[in-house]
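Take a look at the letters that make up each chain.
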Amino acid sequence: MNSQTMMMLSEKYIAHTYGRYPIVLVKGKGTRVWDMEGKEYLDFVSGLAVCNLGHCHPKVVRAIQDQAERLIHVSNFYYIEPQIRLASLLCEHSFADQVFFCNSGAEANEGAMKLARKYAKEKMKGERYEIITMERSFHGRTFATLTATAQEKYHKGYAPLMPGFKYVPFNDIEAVRGAIDSKTCAVMIEPIQGEGGVKCPGEGYLKALREMCDEKGILLIFDEVQVGMGRTGKLFAYEHDGVEPDIMTIAKSLAGGVPIGAVLMKKEVGESFKPGDHASTFGGNPLATAAGVAALTAILDEGMLENCQRMGDYFLSRLEQMKKKFPFIEEARGKGLILGIELKMDGGDIVKTMMGKGILINCTMGNVLRFLPPLIVTKEEIDRVVNALEEEFKGIS
Ligand SMILES: Cc1ncc(COP(=O)(O)O)c(C=O)c1O
């Protein structure tokens, strides 16, 4: 079968929820992927921040193979060895004391919000259940996470949404102060907004948010589904600001490409979850968490955070130089290897022409070209992408 036939079958048998590019990817190694016809692509999408270690990292592949031969799945009725190992590693390397495992980012956010409400019921005075989230945020596609996602385009057709959410502009601490009332139990925020256009917090904003949550006695939840696991050059993005959340969600690259999600929590908050309060059949299953242990260990042991910082600085400096050359680039921004350039026009066609040149990039919010290369990316690969973009931009100006 060739890719044309595959695409026809996809149209016929798969629900049409995705606008797809016309390639069928069948193989990956490091920073590269290949389509059915053998064409190679340099991957600066990384499965949308999933393949932080690059494709098919040998340690992750081996861990999956070994675990698959030993035990693929058992119920959470029983203790699960790799789940315990992964939770220990995550707690040793973060603010957290406890972890709840699930299967995706949305599910992790559902868990985080349920925990916040449960904690509020037990420990806060009055009826506190409302969660404040940010405009341009993205937290997932389930009903609660969709409602938490303060972007109208994702809400269309799904009314009525869940009650108990309030939205404020990102980076506006006074707006948060104004929104907190006697019903508020938590503020939930991405330390860098990914889908919202690679928007970074202003200096001191997250710290002020932490102080405000403490002052008001409410919880602070960080959604690090996209920016966690080394993407910004630190294992977790909150480390840049020296601010710890009470609850944090991660997913995407946590298991090197195997579906997984996790809610990390402080013990005092986590104690509100009692047996039977929350659960997931597959959450923390042996296969996914064995892959997670291998992935996390590789990120920590193989200099990926250092490479991410170095290559991120270099990449951003090249994007900033490019901004000076082309007046239709509004801004170059980001941290580590989550970078973007905001254009004054639509960016969708540029993604397509770059694909023709064998380079995969992404466009979000219609006009922000987003770059999410694997953390093992090299200077030469960054040069190739920036040079190809410049060539493309010269044709526009
Ligand atoms: C910040 C953030 N939160 C949550 C999600 C949802 O994750 P998932 O698609 O695994 O449900 C995403 C996905 O892009 C995300 O970027």
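Look a little higher up for the structure.
Because the structure is a prediction, the values reported are computed rather than measured.

A short note on helix α9 (residues 205-216)
Side chains of residues three or four places apart in an α-helix project in the same direction, reflecting 3.6 residues per turn. When the terminal C-alpha atoms of α9 are compared, their 16 Å separation across twelve residues agrees well with the 16 Å that a helix rising 1.5 Å per residue should span. Those residues of α9 not exposed but buried are Tyr-205, Leu-206, Leu-209, Arg-210, Met-212 and Cys-213. Looking straight down α9, one finds its buried side chains confined to an arc of 165°; they lie on one side. Elements in contact with the buried residues of α9: β5 (130-134), α8 (173-179), β7 (184-189) and β8 (219-223). Directly after α9, the chain includes Gly-217, whose backbone phi takes a positive value near 70°.

Here's the deal with helix α14 (residues 379-394)
For α14, built from 16 residues, the straight-helix expectation of 22 Å at 1.5 Å per residue is met to within 8% by its first-to-last C-alpha distance of 22 Å. Residues Glu-381, Ile-382, Asp-383, Val-385, Val-386, Ala-388, Leu-389, Glu-390, Glu-392 and Phe-393 constitute the buried set of α14.

What about the sheet that holds strand β11 (residues 329-335)?
The four strands are arranged β11-β12-β15-β14 in an open sheet whose pairing can be described as antiparallel. A strand with exactly one partner marks an edge of an open sheet, and here the two such strands are β11 and β14 (362-364). The mean inter-strand angle of the sheet, taken between neighbouring strand axes irrespective of direction, is 25°. With six bridges connecting them, β11 and strand β12 (residues 338-343) associate as antiparallel partners. If you follow Gly-334 over to β12, its bridge partner there is Leu-339. Set on the sheet, α14 makes contact with β11, β12 and β15 (368-371); between it and β15 the angle comes to about 160°.

Here we look at the nonpolar core
Counting residues in hydrophobic clusters, the biggest one holds 83 residues, and the most contacted among them are Ile-341, Ile-361, Leu-369, Phe-371, Leu-389 and Phe-393. When residues no more than four places from it in sequence are discounted, the contact partners of Leu-369 are Leu-339, Gly-340, Ile-341, Leu-343, Gly-347, Ile-350, Val-351, Ile-361, Asn-362, Cys-363, Leu-389 and Phe-393. The next biggest cluster of nonpolar side chains, apart from the first, holds 24 residues, and it includes Ala-112, Ala-120, Ala-148 and Leu-219.

Observations concerning the pairing of strand β2 (residues 32-35)
Summarising the sheet, strand β1 (residues 25-29) and β2 pair through four bridges and their orientation is antiparallel. Bridge pairing in β2 places Gly-28 opposite Val-33. Counted between consecutive antiparallel strands, the loop separating β1 from β2 contains two residues, among which Gly-30 sits at a positive phi close to 60°. Two elements, β2 and strand β3 (residues 40-43), share three bridges in a ladder whose sense is antiparallel. Counted as the bridge partner of Trp-34 is Glu-40 from β3. Remark: four residues form the turn of the hairpin made by β2 and β3, two consecutive strands paired antiparallel; Gly-38 in that turn has positive phi of roughly 90°.

Conventions we followed
Residues numbered from 1 in each chain as written. Predicted model: local features only at pLDDT ≥ 70, side-chain atom pairs only at ≥ 80, totals over all residues. Heavy atoms only, no water. Helix = DSSP H or I, 4+ residues; strand = E, 2+ residues; numbered from the N terminus. Expected span 1.5 Å × (residues − 1). Buried < 20%, exposed > 50% of the residue type's maximum accessible area, 1.4 Å probe, protein only. Arc of directions from axis to C-beta. Contact = heavy atoms within 4.5 Å. Pairing = 2+ DSSP bridges. Axes fitted to C-alpha atoms, helices over the stretch in contact; angles between N-to-C directions. Core = buried A, V, L, I, M, F, W, Y, C linked by side-chain atoms within 4.5 Å.

All we've got here are geometric facts, nothing functional implied.
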